[in-house]
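# Descriptive structure summary
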Amino acid sequence: MQNAILRKSHLNDFISKLAAMEKVMAPVAKDPTHFAFEEVKSAKEISLRYIPTILPPKKYFMPQHETLLEYDTREGQKMRAVAEVEKIVLFGVHTCDLAGVQCLNIVFSDRPKDLNYLIRKNKIAIIGIECNEYCDEHASCALMGNHIPKGGYDMFFTDLGDYFFIHVNTQLGEELLDKTGVYEEATIEHMNALEDLRNKKKEIFKNEVDVDKNMIPELFKKGFDSPVWDDLGERCISCGNCTNVCPTCYCFDVYDDPDLGAKTGKRIRVWDSCQNEPFAKVAGGESFRSQRKDRKRHRFNRKFRYPVERYGKFFCTGCGRCTRVCMAKINLKDTIKSLAKEYK
Ligand code: SF4
Ligand code: SF4
């Protein structure tokens with residue numbers, strides 16, 4: 001089965017049956033404008049219309065703090081690799097966040113493969129949900145082409161009034177849906193309703209910055225020495241919020257945490273940020289990006305130019321999180337527009 005529908009009156013059944021079998025994480029309102037993925041037991045706890053969660057689903061794929069190995073040197077050099085893995089179902093993932101997970105999958109499957117990430121990823125089932133309209137004014141998902149689903153999920157829900165249209169994408173998705181047993185087969189009328197919605201979305205979701213997406217890498221190349229970076233460097237306070245909340249930022253630091261006596265201990269991985277000054281420091285004390293403007297430029301190039309050259313893919317999903325959390329009010333769309341004004 002590829003397509004099904006779920007009556008909204010059965011959503012609670014669906015979630016509670018799923019939660020009885022697996023740990024289910026879904027968007028929950030923290031206050032009217034802030035949402036977070038948290039464990040839920042019923043549909044009543046879930047916010048289906050939500051502005052992207054404070055942290056993206058990357059927190060499940062790449063925990064902020066993770067033990068990589070444990071060591072014991074009391075009798076020789078004993079080391080044990082550790083993979084902290086939890087089996088979960090992620091429900092209600094927006095298409096921009098599906099795109100974010102797809103970026104992480106590419107990076108961590110690149111050489112050298114990151115086994116901890118890959119083992120964990122295989123334990124996470126993803127159920128996406130479509131945005132029928134914009135979450136808020138900071139989104140640029142249409143520019144990045146992430147306002148419509150492009151895979152990366154086991155099941156995908158689209159709200160079509162009194163029911164959800166479900167696209168079943170994987171065997172795991174089919175198994176989960178079958179186990180809940182509260183769906184109906186989709187008919188041609190349901191398919192037509194989905195098509196109508198997607199057509200309507202073409203009128204709602206338009207390129208938000210009026211710059212040809214294909215020209216963006218070139219724009220960043222030409223704008224390498226732009227005064228735009230001086231301005232951002234003046235304003236940025238290097239708090240690292242933008243990289244923490246970014247669904248595709250994956251940089252990390254690794255350190256050893258020895259017990260007292262230094263005979264046993266753990267090797268830990270934690271999130272790091274290119275916005276932190278010591279990030280690009282090398283032995284001898286030299287820092288390749290000691291200026292804030294260099295670090296800002298680097299972050300933008302790591303979204304719009306370098307990954308396009310390496311993976312043929314933008315590493316911005318258009319979710320708008322970096323703009324929402326920036327204390328200096330640095331706005332991603334405005335930055336692209338400013339560069340375009342100078343170099344288009
Ligand atoms: S969130 Fe804003 S102020 Fe903080 S590092 Fe990012 S751009 Fe700079
Ligand atoms: S950025 Fe686009 S896809 Fe993401 S939540 Fe907002 S409207 Fe939905």
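Please read these numbers as outputs of a predicted model, since none were measured by experiment.

## Details of the site of ligand 2
Not every one of the 14 residues close to ligand 2 is listed here, only the nearest: His94, Cys96, Cys131, Cys135 and Cys141. Across the shell around ligand 2, the residue classes break down as nine nonpolar, four polar and one charged.

## A look at the layout of surface pockets
In this model, the largest pocket occupies a volume close to 360 Å³. If you trace the largest pocket, you find 16 residues lining it, with Leu48, Arg49, Tyr50, Glu130 and Asn132 closest to the centre. Looking at side-chain class alone, the lining of the largest pocket contains nine nonpolar, two polar and five charged residues.

## Quick look at unusual backbone geometry
With an omega of -5 degrees, the peptide bond between Arg111 and Pro112 qualifies as cis. In this structure, Pro112 sits in the loop between helix 3 (95–109) and helix 4 (115–121). Positive phi values are uncommon outside glycine, yet Asp210 reaches one of about 55 degrees. Summarising the element assignment, Asp210 is placed in the loop between helix 6 (188–204) and helix 7 (216–222). Located in the positive-phi region is Ser238, a residue other than glycine, with phi close to 55 degrees. Looking at Ser238, the relative accessible area reads 19%, which means it is buried.

## A short note on the sheet that holds strand 4 (residues 65–72)
Pairing in this open sheet of four strands is antiparallel, and the strands run 5-4-12-11 from one edge to the other. Looking at the sheet topology across the chains shown, the edges are occupied by strand 5 (78–81) and strand 11 (252–258). Sheet twist, expressed as the average angle between the axes of neighbouring strands with direction ignored, equals 20 degrees. Across seven bridges, strand 4 lies against strand 12 (residues 264–271) in antiparallel orientation. By the bridge assignment for strand 12, Asp72 is matched with Thr264.

## Re the sheet that holds strand 9 (residues 163–168)
Ordered in space as 3-2-6-7-8-9-1-10, the eight strands form an open sheet in which the pairing is mixed. Edge positions in the sheet fall to strand 3 (34–40) and strand 10 (184–185), since each of these pairs with one other strand and no more. For strand 6 (residues 88–93) and strand 7 (residues 124–129), the ladder comprises five bridges, and the chain directions are parallel. Looking across to strand 7, one finds that Val93 is bridged to Gly128. Along the sheet face, helix 1 (residues 11–21) touches strand 1 (3–7), strand 2 (23–31), strand 3, strand 6, strand 7, strand 8 (155–159) and strand 9 and points at about 155 degrees away from the line of strand 6. Docked against the sheet, helix 6 engages strand 1, strand 8, strand 9 and strand 10, running at close to 95 degrees with respect to strand 9.

## Observations regarding the site of ligand 1
Close to ligand 1 lie Cys236, Ile237, Ser238, Cys239, Gly240, Asn241, Cys242, Lys296, Cys326, Ala328 and Ile330. A breakdown of the residues in the shell around ligand 1 according to their chemical character gives seven nonpolar, three polar and one charged.

## Some remarks on the state of the cysteines
In total, this model carries zero disulfides according to the counting rule given. Unpaired in terms of disulfides, Cys246 finds its nearest cysteine sulfur in Cys249, a separation of 3.8 Å. According to the relative accessible area criterion, Cys246 is buried, its value standing at 9%. A relative accessible area of 17% places Cys249 in the buried class.

## Quick word on the pattern of salt bridges
Scanning all chains against the criterion turns up 25 salt bridges. With a shortest N-O distance of 3.1 Å, Glu133 and Arg49 are connected by a salt bridge. With Glu133 in the loop between strand 7 and strand 8 and Arg49 in the loop between strand 3 and helix 2 (58–61), this pair connects stretches of sequence that are 84 residues apart. Residue classification places Arg49 among the exposed positions, given a relative accessible area of 68%.

## Re the packing of aromatic side chains
Using the criterion set out here, one finds 18 aromatic pairs in the structure. Seen in terms of ring centroids, Phe108 and Tyr250 are 5.9 Å apart; in terms of plane orientation they differ by 70 degrees. Their pairing is edge-to-face. Of this pair, Phe108 sits in helix 3 while Tyr250 is found in the loop between helix 9 (241–245) and strand 11, placing the two residues 142 residues apart along the sequence. Each member of the pair Phe108 and Tyr250 is classed as buried. On the basis of an interplanar angle of 45 degrees and a centroid distance of 4.4 Å, the ring pair of Tyr134 and Phe205 is categorised as tilted. Residue Tyr134 is located in the loop between strand 7 and strand 8, and its partner Phe205 is located in the loop between helix 6 and helix 7; the two are separated by 71 residues in the primary sequence. Judged by its relative accessible area of 6%, Phe205 falls in the buried class. Among the aromatic side chains, those forming a connected cluster through ring pairs are Phe220, Trp229, Phe300, Phe304 and Phe314. Just above the ring of Phe164 sits the side chain of Lys8; from NZ or CZ to the centre is 5.4 Å.

Rules of the game
- Residues numbered from 1 in each chain as written.
- Chains lettered and ligands numbered in written order.
- Predicted model: local features only at pLDDT ≥ 70, side-chain atom pairs only at ≥ 80, totals over all residues.
- Heavy atoms only, no water.
- Near = heavy atom within 4 Å.
- Nonpolar A, V, L, I, M, F, W, Y, C, P; charged D, E, K, R; others polar.
- 1 Å grid on protein atoms, 1.4 Å probe; cavity = no way out; pocket = protein on both sides within 12 Å on 5 of 7 lines; lining within 4 Å.
- Points joined across faces, edges and corners; volume = space filled by probe spheres on them.
- Helix = DSSP H or I, 4+ residues; strand = E, 2+ residues; numbered from the N terminus.
- Buried < 20%, exposed > 50% of the residue type's maximum accessible area, 1.4 Å probe, protein only.
- Pairing = 2+ DSSP bridges.
- Axes fitted to C-alpha atoms, helices over the stretch in contact; angles between N-to-C directions.
- Contact = heavy atoms within 4.5 Å.
- Disulfide = S-S within 2.5 Å.
- Salt bridge = Lys/Arg side-chain N within 4 Å of Asp/Glu carboxyl O.
- Phe/Tyr/Trp six-rings, centres within 6.5 Å; stacked < 30°, edge-to-face > 60°.
- Lys NZ or Arg CZ within 6 Å of the ring centre and 35° of its normal.

Just distances and angles here, no functional claims.
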